[in-house]
Amino acid sequence: ANNLQLVVSRLMREVEESAAAKKTLTYQLEQQGAKKERKYASEQRQLNAELDRERGKVEAEQQRRLAAELEATATQERLLREVKVKADALEEEVARREKVERDLQDSKGELVSLQRQLKESSGLLERQSVQLANA
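Source: prediction; values computed, not measured. (Residues numbered from 1 in each chain as written. Predicted model: local features only at pLDDT ≥ 70, side-chain atom pairs only at ≥ 80, totals over all residues. Heavy atoms only, no water.)

### Some words on the overall build of the protein
Item 1. Each helix and strand in the protein was counted, giving one helix and zero strands.
Item 2. Here the C-alpha atoms of the protein give a radius of gyration of 57 Å, more than 25% beyond the 14 Å that 2.2 N^0.38 yields for 135 residues.
Item 3. Within the protein, buried positions represent 0% of all 135 residues.
Item 4. Looking at the protein as shown, the accessible area adds up to about 12,900 Å², and 57% of this sits on carbon and sulfur atoms.
Item 5. Across the protein, the 26 positively charged side chains and the 26 negatively charged ones have centroids separated by 7 Å. (Helix = DSSP H or I, 4+ residues; strand = E, 2+ residues; numbered from the N terminus. Rg over C-alpha atoms; globule rule 2.2 N^0.38 Å. Buried < 20%, exposed > 50% of the residue type's maximum accessible area, 1.4 Å probe, protein only. Areas by Shrake-Rupley, 256 points an atom, 1.4 Å probe, with all protein chains shown as cover. Lys, Arg positive; Asp, Glu negative; His and termini not counted. Charge placed at Lys NZ, Arg CZ, Asp CG, Glu CD.)

### Points about the environment of Ala41
Item 1. Mapped onto the fold, Ala41 is located in helix H1 (residues 2-134).
Item 2. Sequence spacing of Ala41 and Leu70 is 29 residues, and the spatial spacing of their C-alpha atoms is 42 Å.

### Re a nonpolar patch on the surface
Item 1. Residues Leu4, Val8 and Met12 make up a contiguous nonpolar surface patch of about 300 Å² in total accessible area.
Item 2. Looking at the element boundaries, Val8 is found in helix H1.
Item 3. Assessed through its relative accessible area of 42%, Val8 is described here as partly exposed. (Patch = residues over 30% accessible without salt bridge, like charges linked within 9 Å, V, L, I, M, F, W, Y side chains within 5 Å. Salt bridge = Lys/Arg side-chain N within 4 Å of Asp/Glu carboxyl O.)

### Thoughts on a positive patch on the surface
Item 1. There is a patch of like positive charges on the surface, built from Lys35, Lys36, Arg38 and Lys39.
Item 2. By the secondary structure assignment, Lys36 is in helix H1.
Item 3. Assessed through its relative accessible area of 62%, Lys36 is described here as exposed.

### Remarks on the environment of Asn3
Item 1. Note on placement: Asn3 falls in helix H1.
Item 2. The class of Asn3 is exposed, set by a relative accessible area of 59%.
Item 3. Each C-alpha atom, one on Asn3 and one on Leu132, is 188 Å from the other, the two residues being 129 residues apart in sequence.

### Looking at the pattern of salt bridges
Item 1. With the rule as written, the count across this model stands at ten salt bridges.
Item 2. Asp52 serves as the salt-bridge partner of Arg55, at 3.2 Å between the closest nitrogen and oxygen. With Arg55 and Asp52 both in helix H1 and three residues apart, this pair spans about one turn of that helix.
Item 3. Here Arg55 falls in the partly exposed class, since its relative accessible area comes to 46%.

Structure follows, in structure tokens:
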């Protein structure tokens, strides 16, 4: 019976030691888990911050490109307006020159007609002068 008590006593002590060891291991595992969770959370915050910085860079680049495109478009529109104004001015100049050319041709025609009339009148005067001299 004494032996049995010793065995039971020893088994009880081993059960208590095992329970204490289990508690210790559980505590250590919980601490490691909490440490890993904190590390994971820290890494996640760093990754999120880096992602936000990269997003900011991309957005800034997109805005810069958009501004450059808008500026280029505005420049193109301004140049197109300038070209249109110059083209309109050239068209007006061409029309004016064509009118001057037509007027010049008309004037040449009138000059030829007047020269012919002058020649005819001159011939008529000459004949009348000869007739008066003969009379």
